[in-house]
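Read off the chains here:
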Amino acid sequence: MFATQDTILKLLTLCALAHSITALALQERSPTPGGSAPLDSSHKYLIVRGESPSGSQEHVEFDNAATLLLRAFKNQQIPASGDLEECSAPSHKATFSGYDYVILLGMLVISLGIGIFYGFFQKGGSSSNEFLLGSEMSIFPVTLSLTTSFITAIELLGNPSEMYFQGTQFVLIVIPMVLVIPVAVKIFYPIYFKMELTSCYEYLGIRFGKEIRILCAVLYVIQMCFYTAVAVLAPAIALSKATGLDTKIAVVLIYVVCVFYSSQGGMKAVVIADSFQAAVLAVSLVLIVGLGCFYSGNPIQVFQTASEHNRLEFFNMDPDPTTRHTVWSVVIGGFFYWTSLFCTNQASVQKCMSLKSLRLAKIALGFAIIGLIAVFLLNFYTGLMVFTHYADCDPLTAGRISATDQLLPYYVINTYEHISSVAGIFVAGIFAASLGTVASALNSLSAVTCEDLLVNGMNIKISPEKGATYAKWMSLGFGIASFGLVFIVEHLGGVLQATLTLNGLIGGVTLGLFVLGIACKQANTKGAFYGGLLSLALVIFVGVVAQIVSVEQPALPTSIDQCDCHVNITNIIGDLLTEPVEIIEEGGFTSWPIFRLSYMWYSMIGCLLTVFLGWFISLVIDFIQRRNVLKITGKGIDNPAVSEEIFKSDSQVQYTTTTMIAEPRQPTTDEGHVNHAIRIDDE
């Protein structure tokens, strides 16, 4: 058996604490028959050897040593200076001012106004196509809308903390974004425009049949409902902890605004609102970086500090697929992830299809990806800038924040507290990212439900005039459903990461079905259906088990040497000692390497597994069908409709022709057997 990395951290902390307590010593002692002898201050040496199963002598000795260490440290620690406050309990907490609330509410009101204009005053949108696709949108707003649809509030808060705690290896995620452009504009979008699709899953219905189209539509609905709930809840929690903004108020505001303008204004309102929100997001990011150059350090200082603390890492060529971030996992795994988002995700395909032509769609997609790369790089630099600011006093270790996602909000609120409205602009940018994600998801969910589930799945005929009304009510319904899921997800803390992983797994399987249809001529309906279901079951099983047994990646070293407050080390050590220690037993299927794969490989595994299984099952089914046809057409084999006398006769079959036009006659049993199997095989 071996202990987790948390156990090692506990042992190292205890050993370091033992060296700092010079007044405490434990003598070497021999074990007594009844167990370990009582510990007292006359002992001279301390030996902390590790933890073994509860109840053993070594476990008792470890508990006694740890308890005595903590008690001695509490008694001997130097009291905090009178002019220093506790880091974890500051006397002053920066909060939102009136100006900040005005800016945030102003952004929300303008977004609502866009929905009111396109829903009640702008002509058009009376048909389902106009509501779901817009009527020949212009390229500039669609480009901005595409950019914001790929930027979630989770990434805006998570990317800086990734740079801060793990280093810069993840920066290479921008490379697969560029690699996806030729795949999208040369393979996928020409097919969509040639077929004039409203839903991208319509292609799967034409290629494979009704079952595959319905399967992908249902998966997309489940995926996006949970994803929107997480995409709203996660940043709302982070903002509430760092800024004092109530979580429920933030969630309600986002959903009310999104549901209104997406359900009333349709695609036009979504695209125009996304364009406005993209401007707000850009202003907030540029403002934070610009102020950071003055308050936290210029780019030279930022990269120098990051280099000194081993934060700069770009060429980790480790071939081990279990390593969290390497060049291989980020570039190759990221390529499949971004391909699924750009090429087979209805939210992005639907916006490109709202343009007049394929040429405009290619231009919009290219510029959208360039804009996305710029935003990501700016966001990554923000993380290094924040690290430079807190290089000598980590707010997480000091107890100022309780989670990594709170890092950027805490930095903005506290560093720029004296500058009016900066916090409001920053939070407005985070809200803008959430609004764009949810609004695009609701509109795409309406399109998928109308086109794939109602019209195709249930054979419900919807006139173009009623289609817009159906879509509006569906946007409203999905918004309410996603809002309800927020309160379920809120009480299931571990489901946040699992939901994000599920998003990548489903996207990989969906991409695999598209690749199977485009690249494999031998693929048939049954092969794609059973291959997709089997792949989905396998990758979800692997992903869920991996989330359950995974060990959190340890962060790079941080410092609290020069904090301007008193760091309560006793609380830190106490928390370490009271945390349960997980002992991982060797053996069992959960120890297999596949459950330790980096999450960056999930989309690739889902895609390739779907293609392989779909192709293989298609070949097996095709072989079985051809074998059955040969049995049917063989001489008298399993074919009671053909008499044996026919095959015994040497006379050739006589054909007669006539030039007379007669009424078609129904075949009788005396005229022979119609071989439907051969006709089906020919078709």
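Basis of the calculations
- Residue indices follow the written sequence of each chain, beginning from 1 at its first position.
- Per-residue local features are limited, in this predicted model, to residues with pLDDT of at least 70; the limit for side-chain atom pairs, both in listing and counting, is 80 or more; totals at the level of whole chains, interfaces and linings are taken over all residues.
- In computing side-chain values, all of the structure's heavy atoms are included and hydrogens and water are not.
- The predictor rates its confidence in each residue with pLDDT, a number between 0 and 100.
- Contacts are assigned to residue pairs that have any heavy atoms within 4.5 Å of one another.
- Runs of E in the DSSP output that reach at least two residues are strands. Runs of H or I that reach at least four are helices, and both are numbered from the N terminus.
- The buried label applies to any residue whose accessible area, calculated with a 1.4 Å probe on protein chains only, is under 20% of its type's maximum; exposed applies above 50%, and partly exposed to all values in between.
- In this scheme, a helix's expected span is set at 1.5 Å multiplied by one less than its residue total.
- In protein, a polar contact means a hydrogen-donor-capable atom and an acceptor-capable atom, both N or O and within 3.5 Å, with residues adjacent in sequence counting only if both atoms are side-chain atoms; elsewhere, any N or O pair within 3.5 Å suffices.
- For this text, the term disulfide refers to a pair of cysteine sulfurs within 2.5 Å.
- Working note: the arc is built from the helix axis to C-beta atom directions.

Draft legend 1. Region of the structure containing the confidence of the model for the chain. In this model, the chain carries an average pLDDT of 76, and 72% of its residues clear a pLDDT of 70 or more. Between residues 76–81, whose pLDDT stays under 50, and residues either more than four places distant or in other chains, the model counts four contacts. Scored below 50 in pLDDT, residues 580–586 makes 16 contacts in the model with residues more than four places away or belonging to other chains.

Draft legend 2. Layout of unusual backbone geometry. Positive phi, close to 50 degrees, is recorded for Glu-196, a residue that is not glycine. Looking at the secondary structure, you find Glu-196 in the loop between helix H7 (174–195) and helix H8 (201–207). The exposure class assigned to Glu-196 is exposed, which follows from its relative accessible area of 67%. Even without glycine at this site, Ser-421 takes up a positive phi of about 80 degrees. The topology assignment puts Ser-421 in the loop between helix H16 (407–415) and helix H17 (422–457).

Draft legend 3. Fine view of helix H20 (residues 525–549). Along its 25 residues, H20 runs 36 Å from first to last C-alpha, staying within 8% of the 36 Å computed at 1.5 Å per residue. With a side-chain oxygen lying 3.5 Å from the backbone nitrogen of Lys-526, the N-terminal cap of H20 falls on Asn-524.

Draft legend 4. Molecular detail of the state of the cysteines. On inspection of all chains with the given rule, the structure shows one disulfide. A sulfur-sulfur distance of 1.9 Å marks the disulfide that ties Cys-393 to Cys-563. Across the S-S bond linking Cys-393 and Cys-563, the dihedral sits near 105 degrees, which makes this disulfide right-handed. On the criterion of sequence distance, the pair formed by Cys-393 in the loop between helix H14 (358–389) and helix H15 (395–398) and Cys-563 in the loop between H20 and helix H21 (569–578) is long-range, its members being 170 residues apart. Each member of the pair, Cys-393 as well as Cys-563, carries the same accessibility label: buried. Cys-216 takes part in no disulfide bond, and the closest cysteine sulfur, belonging to Cys-200, lies 8.4 Å away.

Draft legend 5. Structural view of helix H11 (residues 299–308). Looking at H11, one finds that the buried residues are Val-302, Thr-305 and Ala-306. In an axial view of H11, the angular spread of the buried residues amounts to 100 degrees, which keeps them on one side of the axis. H11 presents Ile-300 and Glu-308 as exposed residues on the side facing more than 90 degrees away from its buried surface. Packed against the buried residues of H11 are H14. With a side-chain oxygen positioned 3.1 Å from the backbone nitrogen of Ile-300, the residue opening H11 is Asn-298. Backbone geometry just after H11 places Asn-310 at a positive phi near 60 degrees.

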